[in-house]
Amino acid sequence: MTSQIVASIADRLTDPETVAAVTTRPENELTLPSGALRQWEPNGLSDAFPAVSLLFSELAAADPARRVHAHAHLSAALAAEAPPPVPALYGGSVALAFAAHAAATASGGYGTLLSRLDEAIAGQALRWTRARRARLDAGDPVGDWGGYDVITGGSGFGRYLLARQERTGAEATGEALRETLGLLVRLALAGDVTVGGRKLPVWWVRHDMTRGHADGGHLNLGLAHGVGGPLALLALAWRAGVRVDGQDEAAAAIVALLDAHRLDDDAGPYWPHETTLDEHGHGHERGHGHGHGHAHRGRTRDAWCYGAAGMGRALFLAGAAFEEKEWRETGDAAVRGAFATSGEHSIHDSTLCHGWAGLLHIASRMGHDTGDPVHASAAGRFAGRLRESYDPDAAFGFRYTHPAAARVTDRPGFLEGAAGAALALHCHETGAPPATGWDAALLLA
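Rules and cut-offs
Residues numbered from 1 in each chain as written. Predicted model: local features only at pLDDT ≥ 70, side-chain atom pairs only at ≥ 80, totals over all residues. Heavy atoms only, no water. Helix = DSSP H or I, 4+ residues; strand = E, 2+ residues; numbered from the N terminus. Expected span 1.5 Å × (residues − 1). Buried < 20%, exposed > 50% of the residue type's maximum accessible area, 1.4 Å probe, protein only. Contact = heavy atoms within 4.5 Å. Disulfide = S-S within 2.5 Å. Salt bridge = Lys/Arg side-chain N within 4 Å of Asp/Glu carboxyl O. Pairing = 2+ DSSP bridges. Axes fitted to C-alpha atoms, helices over the stretch in contact; angles between N-to-C directions. Parallel < 35°, antiparallel > 145°, perpendicular 65-115°, else oblique. Left-handed = near helix turned anticlockwise from the far one by under 90°. Nonpolar A, V, L, I, M, F, W, Y, C, P; charged D, E, K, R; others polar. Phe/Tyr/Trp six-rings, centres within 6.5 Å; stacked < 30°, edge-to-face > 60°. Lys NZ or Arg CZ within 6 Å of the ring centre and 35° of its normal. pLDDT = per-residue confidence, 0-100. Core = buried A, V, L, I, M, F, W, Y, C linked by side-chain atoms within 4.5 Å. Polar contact = N/O pair within 3.5 Å; in protein donor to acceptor, adjacent residues only side chain to side chain.

Student: Can you explain helix 6 (residues 111-137)? Please cite residues and give values.
Tutor: Every α-helix carries 3.6 residues per turn, so stepping three or four residues along brings you back to the same face. Helix length check: helix 6, at 27 residues, gives a terminal C-alpha distance of 39 Å against a target of 39 Å (1.5 Å per residue), a fit within 8%. Along helix 6, the residues classified as buried are Leu114, Leu117, Asp118, Ile121, Ala122, Gln124, Ala125, Leu126, Trp128, Thr129, Arg132 and Leu136. Each element contacted by the buried residues of helix 6 is listed here: helix 5 (93-107), helix 7 (154-168) and helix 8 (171-189). Following helix 6 by one or two positions, Gly139 adopts a phi angle in the positive range, close to 80 degrees.

Next comes the structure, spelled out in structure tokens:
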């Protein structure tokens, strides 16, 4: 059943022109309460040609006939308007480069393209680090997610640079990676900064104007947009032997920050998605069922992007890399708690970002790393949820329910679309980690 669903989704995604036409239908626009539109971007990694190519590259590792479809989507991305010259894993040239890297990992090729992209991305990363250092020199907080997160910031493109450094050892990507790690280390060790007369963590951002943060900003405690991304990258780089001064201290500082905001319930440890200006500095020290400024908060969504599943995985990776048993055990306990409490009250879609597919793949990775049957059991349950969600009448096999949108839409891509759900199902079915390393884009491995 699972392999048939994956094959069906892949068949629906083979033609780039058809995928783009379905996704860009006017009635398929994803409109958020803020009025923002989530539109098709040909060169993105969330919901675009490079995103879809990841599925075909992974399938091509066992079925070479799928290579042509991966190449078709990469070619469509190359033929589209050039992306902006900024380092961001889910947009710009890094998205295309990550997809090409995955294709090359599975089937070879793309050497010239990747060499040119790596040179450009390394230059973008070095300019990014210089600009971000200037903010710190001025005593400012990081300011926005682009300063560090997985989607638009250093954790994401740093993970791409790490993958390329492991594969090629090129001097340019190595220098850019070390500079990126150095910037994240400096952020982690900077402590508090003064903003409007108040002491706030240097990670403080003013970004999301739709969730009540417009007045004072917030400290983000998720994996996608929060401190979990830097923690995971520092750990993965350390484990790969790429190290800069203060890297282990920086990881410890992030873990201490998480510990200060940790909550506990009967299922285990977890974290609020963020702490706002009103909450910061008005709580009490953590204890069972209490966190710094968050004693009133229960669990909401525990998924990849936010909550104990993604954050627990990041903490688990840090514990494994830096040989800190307590971190590893706390991360494992957090993931278990997220799995135990997940249900329709908190998970509303099939995607990798905040749906069943993300939980499935975290469970699969935890199972591979620990051999614990609890994680294997959770993976089986989440795979069942995905199979139940499959709709043969939907354009791409799964329909997408954004937590803040009024209607469901058809999304083909990786982070919030059918290709990502199919990737998670495929890896669960094969029982093996990704052949292409596609989950590096989630900072899960």
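The rest of the description comes next.
Student: Residue-level account of the state of the cysteines, with values.
Tutor: Throughout the structure, instances matching the rule amount to zero disulfides. Free cysteine: Cys427, not disulfide-bonded; nearest cysteine sulfur from Cys353 at 18 Å. By relative accessible area, Cys427 is classed as buried at 3%.

Student: Any chance you could break down the environment of Val6 for me, citing the residues and the numbers?
Tutor: Within the fold, Val6 resides in helix 1 (residues 2-12). Residue class for Val6 comes out buried when judged on its relative accessible area of 5%. Along the sequence, Val6 and Asp372 sit 366 residues apart, while their C-alpha atoms lie 26 Å from each other. Here Val6 is in contact with Leu59, Ala422, Leu425 and His426, once residues within four sequence places are set aside.

Student: Break down the pattern of salt bridges for me, citing the residues and quoting the values.
Tutor: Opposite charge on two side chains allows them to pair when their charged atoms are near. This structure, assessed with the given rule, holds 17 salt bridges. One salt bridge connects Arg411 with Asp47, and the closest N-O pair in it is separated by 2.9 Å. One end of the pair, Arg411, is in the loop between helix 14 (373-389) and helix 15 (418-430); the other, Asp47, is in the loop between strand 2 (37-38) and helix 3 (49-60), with 364 residues separating them in the sequence. The buried category is assigned to Asp47, whose relative accessible area is 11%. Two residues, Arg262 and Asp264, come together in a salt bridge whose shortest N-O distance is 2.9 Å. This pair shows no difference in class: Arg262 is buried, exactly as Asp264 is. A cluster of three or more residues bridged by salt bridges with shared partners is formed by Arg25, Glu27, Arg399 and Asp410.

Student: Which residues make up the pairing of strand 4 (residues 198-201), and what values go with them?
Tutor: Pairing analysis gives four bridges linking strand 3 (residues 192-195) to strand 4, with the strands arranged antiparallel. Bridging across to strand 4, Val195 finds its partner in Arg198. Between strand 3 and the antiparallel strand that follows it, strand 4, lie two residues; Gly196 among them carries a positive phi value of about 60 degrees.

Student: Before we move on, can you summarise the packing of helix 11 (residues 308-322) against helix 13 (residues 356-370) with the specific residues and values?
Tutor: Look at helix 11 against helix 13: their axes get within 10 Å of each other, and the N-to-C directions meet at 25 degrees. Considering their axes alone, helix 11 and helix 13 lie roughly parallel with respect to each other. For the crossing formed where helix 11 meets helix 13, the hand is left-handed. Side by side, helix 11 and helix 13 meet where Ala309, Gly310, Arg313 and Phe316 of the first sit next to Leu359, Ile362, Arg365, Met366, Asp369 and Thr370 of the second.

Student: Explain the packing of helix 7 against helix 9 (residues 228-239) residue by residue, including any values.
Tutor: With their axes 9 Å apart at the nearest point, helix 7 and helix 9 run at an angle of 20 degrees to one another. On the basis of the axis angle, helix 7 is roughly parallel to helix 9. Judged by the twist between their axes, the crossing of helix 7 over helix 9 is left-handed. Counted together, Gly154, Ser155, Gly158, Arg159 and Leu162 of helix 7 and Gly229, Pro230, Leu233, Leu236 and Ala237 of helix 9 form the full contact between these two elements. A breakdown of the residues in the contact of helix 7 with helix 9 according to their chemical character gives five nonpolar, four polar and one charged.

Student: I'd like a rundown of the packing of aromatic side chains, residues and numbers included.
Tutor: On inspection of all chains with the given rule, the structure shows eight aromatic pairs. Ring geometry for Trp128 versus Phe157: centroids 4.9 Å apart, planes at 90 degrees, classification edge-to-face. Here the residue Trp128 occupies a position in helix 6, and Phe157 occupies one in helix 7, the gap between them amounting to 29 residues. Just as Trp128 is buried, Phe157 falls in that class too. Ring geometry for Tyr148 against Trp203: centres 5.3 Å apart, planes inclined by 70 degrees, an arrangement best described as edge-to-face. Pair noted here: Tyr148 is in the loop between helix 6 and helix 7 and Trp203 is in the loop between strand 4 and strand 5 (218-220), with a separation of 55 residues, a long-range link. When sorted by exposure, Tyr148 lands in the same class as Trp203, which is buried. Taken together, the ring pairs connect Trp238, Phe322 and Trp327 into an aromatic cluster. Sitting above the plane of the Trp238 ring, Arg243 keeps its charged end 4.0 Å from the centroid.

Student: How would you sum up the confidence of the model for the protein? Please name residues and give values.
Tutor: Scored by pLDDT, the protein has a mean of 91; 92% of the residues are at 70 or more. Every residue in residues 209-213 is under pLDDT 50, and counting partners more than four places away or in other chains gives nine contacts. Under a pLDDT of 50 for its full length, residues 283-290 has, in the predicted model, 20 contacts with residues more than four places off or in other chains.

Student: Help me get a handle on the environment of Leu89, residues and values and all.
Tutor: Along the chain, Leu89 falls in the loop between helix 4 (67-79) and helix 5. With relative accessibility at 0%, the residue Leu89 sits in the buried group. Here the alpha-carbon distance between Leu89 and Ala441, two residues 352 residues apart in the chain, equals 7.5 Å. Ignoring sequence-local partners within four residues, the contact set of Leu89 consists of Leu45, Val94, Ala95, Phe98, Val150, Ile151, Gly156, Phe157, Tyr160 and Ala441.

Student: Please set out the nonpolar core residue by residue, giving values where relevant.
Tutor: In this structure, Tyr90, Trp203, Trp304 and Phe414 are the most contacted members of the largest nonpolar core, which totals 141 residues. Trp203 has contacts with Val142, Tyr148, Leu184, Leu187, Ala188, His218, Leu219, Val227, Pro230, Ile254 and Leu257, leaving out every residue within four places of it along the chain.

Student: Any chance you could break down the side chain of Arg411 for me, citing the residues and the numbers?
Tutor: Taking relative accessible area as the criterion, Arg411 reaches 3% and is therefore assigned buried. Engagement of the side chain of Arg411 in a polar contact is seen with the backbone oxygen of Asn28, the distance being 3.1 Å.

Student: Tell me about the environment of Val255, and name the residues and values.
Tutor: Tracing the backbone shows Val255 in helix 10 (residues 247-260). C-alpha separation for the pair Val255 and Gly319, spaced 64 residues apart in sequence, amounts to 9.8 Å. Excluding its chain neighbours within four sequence positions, the residues that come into contact with Val255 are Leu231, Leu315 and Trp327.

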